[in-house]
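Each chain is listed here by its residues.
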Amino acid sequence: VQLVESGGGLVQPGGSLRLSCAASGFTFSSYDMNWYRQAPGKERELVAIITNTGGYTNYADSVKGRFTISRDNAKKAVYLQMNSLKPDDTAVYYCNTRRPVSPQYVYWGQGTQVTVSP
């Protein structure tokens, strides 16, 4: 199983970024996918989730209305569109999934840095 994030970078407040996560080594269309983030000195937090079909999504209150999670099962990829970025969004963003059946192994990508600064 491999998850590879990309798309991070430095952006000014109010700007936008689109993160991508390329998946391989498992049946992507069977797995719900998540984006987490971890800011310096803080615990890792769940940002957004999307079910395997893309039919359900949910977001942390702090990003609702600004971030959108989506997926393309044909391309085995999940995305996080981030708009109206704020300095508080600065963090390393991780792609995550859990095997849907026992044993429910958890998989993480290496993360991509997002920095929001003037």
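Reading the values: rules and limits
Every chain is numbered on its own, with residues counted from 1 as its sequence reads. Selection of residues for local features in this predicted model requires a pLDDT of at least 70, selection of side-chain atom pairs for listing and counting requires 80 or more, and totals for whole chains, interfaces and linings are taken over all residues. With hydrogens and water stripped out, all remaining heavy atoms of the structure feed into the side-chain values. For two strands to count as paired, DSSP must find a minimum of two bridges between them. Numbering of helices and strands runs from the N terminus, with a helix taken as a DSSP run of H or I at least four residues long and a strand as a DSSP run of E at least two residues long. Lines fitted to C-alpha atoms define the axes here, with helix axes fitted over just the stretch in contact, and angles between the N-to-C directions of these axes take values from 0 to 180 degrees. For this document, the term salt bridge refers to a Lys or Arg side-chain nitrogen within 4 Å of an Asp or Glu carboxyl oxygen. Exposed residues in this analysis have more than 50% of their type's maximum accessible area, buried residues have under 20%, and partly exposed residues fall in between, with area computed by a 1.4 Å probe over protein chains only. Here a polar contact is taken to be a pair of N or O atoms separated by no more than 3.5 Å, where protein atoms must pair a possible hydrogen donor with a possible acceptor and residues adjacent in sequence count only if both atoms sit in side chains. The contact definition used throughout considers only heavy atoms, calling two residues in contact when any of these lie within 4.5 Å.

Enquirer: I'd like a rundown of the sheet that holds strand β3 (residues 17-24), residues and numbers included.
Expert: Working definition: the strands of a sheet are paired by backbone hydrogen bonds and lie parallel or antiparallel to each other. Strand order in this open sheet of 4 strands is β1-β3-β8-β7, and the pairing throughout is antiparallel. The two strands at the open ends of the sheet, each matched to only one other strand, are β1 (2-6) and β7 (67-72). Neighbouring strand axes in the sheet, compared pairwise and without regard to direction, differ in orientation by 15° on average. With 6 bridges joining them, β7 and strand β8 (residues 77-82) adopt antiparallel strand pairing. Within β8, the position partnered with Phe 67 by the bridge is Met 82.

Enquirer: Describe the pattern of salt bridges, with residues and values.
Expert: On inspection of all chains with the given rule, the structure shows 4 salt bridges. Between Glu 45 and Arg 37 there is a salt bridge, with the nearest N and O atoms lying 2.6 Å from each other. The exposure class of Glu 45 is partly exposed, given its relative accessible area of 32%. Look at Arg 37 and you get buried, because its relative accessible area is 5%. A salt bridge links Asp 89 to Arg 37; the shortest N-O distance between them is 2.9 Å. Placement of Asp 89 in the loop between β8 and β9 (91-98) and of Arg 37 in strand β4 (residues 33-38) is noted, with a sequence separation of 52 residues between them. Taken together, the salt bridges that share partners define one network made up of Arg 37, Glu 45, Arg 66 and Asp 89.

Enquirer: For the side chain of Thr 112, give the residues involved together with the corresponding values.
Expert: Considering the arrangement of structural elements, one finds Thr 112 in strand β11 (residues 112-116). Taking relative accessible area as the criterion, Thr 112 reaches 10% and is therefore assigned buried. At 3.1 Å, the side chain of Thr 112 and the backbone nitrogen of Gly 8 are in polar contact. Apart from residues lying up to four places away in sequence, Thr 112 is in contact with Glu 5, Ser 6, Gly 7, Gly 8, Leu 19, Ala 91, Val 92 and Tyr 93.

Enquirer: Any chance you could break down the environment of Ile 50 for me, citing the residues and the numbers?
Expert: For Ile 50, the location among the structural elements is in strand β5 (residues 45-50). Judged by relative accessible area, which is 3%, Ile 50 ranks as buried.

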